[in-house]
Amino acid sequence: MRVHQSRRSWRPHAVKRVHIPKAGNRAKLRPLGIPVLMDRCHQGRVRHALEPEWEARFEPRSYGFRPGRSCQDAIQAIYMTSKGPTAKRVWALDADLASAFDRIDHDRLIGALGSFPAREMIRDWLKAGVFEKGKGFAPTQEGTPQAVWSVPCYSTSRCTGWSKPPGSAT
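Anyway, here's the lowdown on the structure attached to this text. Quick caveat: nothing in here was measured; it's all calculated off a predicted structure.

## Observations regarding the sheet that holds strand S3 (residues 130–132)
1) Next: Strand order in this open sheet of four strands is S2-S1-S3-S4, and the pairing throughout is mixed. Two strands bound the open sheet, and with one partner strand each, they are strand S2 (29–34) and strand S4 (136–138). The mean inter-strand angle of the sheet, taken between neighbouring strand axes irrespective of direction, is 35°.
2) Next: The sheet contact formed by strand S1 (residues 15–21) and S2 spans six bridges and is antiparallel. Across the sheet, the residue bridging to Arg 17 is Gly 33, located in S2.

## Considerations on the pairing of S1
Residues in a regular strand point their side chains to alternate faces of the sheet.
1) Next: Where S1 lies against S3, three bridges are found, and the strand directions are parallel. By the bridge assignment, Lys 16 is partnered in S3 with Phe 131.

## Focus: the environment of Ala 138
1) Next: With respect to the helices and strands, Ala 138 occurs in strand S4.
2) Next: For the pair Ala 138 and Ala 14, spaced 124 residues apart in sequence, the C-alpha separation works out to 8.6 Å.
3) Next: Excluding anything up to four places from it in sequence, Ala 138 contacts Gly 129 and Val 130.

## Looking at helix H3 (residues 71–82)
1) Next: Relative to the 16 Å expected for 12 residues at 1.5 Å per residue, H3 spans 17 Å between its end C-alpha atoms, a close match to the ideal helical length.
2) Next: Immediately beyond the C-terminal end of H3, within one or two residues, lies Gly 84, with a positive phi of roughly 85°.

## Side note on the nonpolar core
1) Next: Counting 16 residues, the largest nonpolar core has Val 46, Leu 50, Leu 109, Leu 113, Phe 116 and Ile 122 as its most contacted members.
2) Next: Every element with two or more residues in this core is listed here: helix H2 (37–57), helix H4 (106–112) and helix H5 (119–127).
3) Next: Take this core: its biggest share by element is four residues, from H5.

## So, H2
1) Next: Look at H2: 30 Å from first C-alpha to last across 21 residues, which is about the 30 Å you get at 1.5 Å a residue.
2) Next: Along H2, the largest kink reaches about 40° and is centred on Glu 51; proline Pro 52 follows within four residues of it.
3) Next: When we look at burial in H2, the residues that qualify are Asp 39, His 42, Gln 43, Gly 44, Val 46, Leu 50, Glu 51 and Trp 54.

## Some thoughts on the packing of H2 against H5
1) Next: Viewed as axis vectors pointing N to C, H2 and H5 meet at an angle of 130°, and their least axial separation amounts to 11 Å. Relative to H5, the element H2 lies oblique. Where H2 crosses over H5, the two elements pack in a sense that is left-handed. On H5, the residues that touch Asp 39, His 42, Gln 43, Val 46 and Leu 50 of H2 are Met 121, Ile 122 and Trp 125.

## Here's the deal with the pattern of salt bridges
1) Next: Under the definition given, this model contains four salt bridges.
2) Next: One salt bridge connects Arg 66 with Glu 55, and the closest N-O pair in it is separated by 2.8 Å. Of the two residues, Arg 66 is situated in the loop between H2 and H3 and Glu 55 in helix H2; the sequence distance between them amounts to 11 residues.
3) Next: Taking the shortest distance from any N to any O, the salt bridge between Glu 120 and Arg 123 comes out at 3.7 Å. With a gap of three residues between them, Glu 120 and Arg 123 both fall in helix H5, about one helical turn apart.
4) Next: Residues joined in a network through salt bridges with shared partners are Asp 107, Glu 120 and Arg 123.

What counts as what
- Residues numbered from 1 in each chain as written.
- Predicted model: local features only at pLDDT ≥ 70, side-chain atom pairs only at ≥ 80, totals over all residues.
- Heavy atoms only, no water.
- Pairing = 2+ DSSP bridges.
- Helix = DSSP H or I, 4+ residues; strand = E, 2+ residues; numbered from the N terminus.
- Axes fitted to C-alpha atoms, helices over the stretch in contact; angles between N-to-C directions.
- Contact = heavy atoms within 4.5 Å.
- Expected span 1.5 Å × (residues − 1).
- Core = buried A, V, L, I, M, F, W, Y, C linked by side-chain atoms within 4.5 Å.
- Buried < 20%, exposed > 50% of the residue type's maximum accessible area, 1.4 Å probe, protein only.
- Bend = angle between axes of the 7 residues up to and from the residue.
- Parallel < 35°, antiparallel > 145°, perpendicular 65-115°, else oblique.
- Left-handed = near helix turned anticlockwise from the far one by under 90°.
- Salt bridge = Lys/Arg side-chain N within 4 Å of Asp/Glu carboxyl O.

So this is what it looks like as structure tokens:
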């Protein structure tokens, strides 16, 4: 109840940045942004409002960051598409876009939202900044911390169209 009542007076807080080891290379660290609980609650409400519309836009063969889809679903789809001697596709793209979250253009993300009522809330989250132990506060001009609600939707929306073979109309 308090989250609902606080929407009008709400102001975002900077996310807390922590670094965790990367899965493939434990020597490298990956930054995560941890929002305060109140921001996380508001972000969840916004995600639940946006997700159905964005899901309708995403390609059926897209599996990243999608509700009800998993890595195992993607592996099965690749296997089913590329098995047998008459398979039309025998390759798959597995990409890790370096610093993809660091380079997200705020204006482009906000523009992709159209007339969504919570656009200003989202803009405020993007500009709220980051607090890191030992470094203090840093404003954010571009990018979004990993582990924040907007990353999955936005990342998947930017990859729409990639599942089509080059030169394909379908």
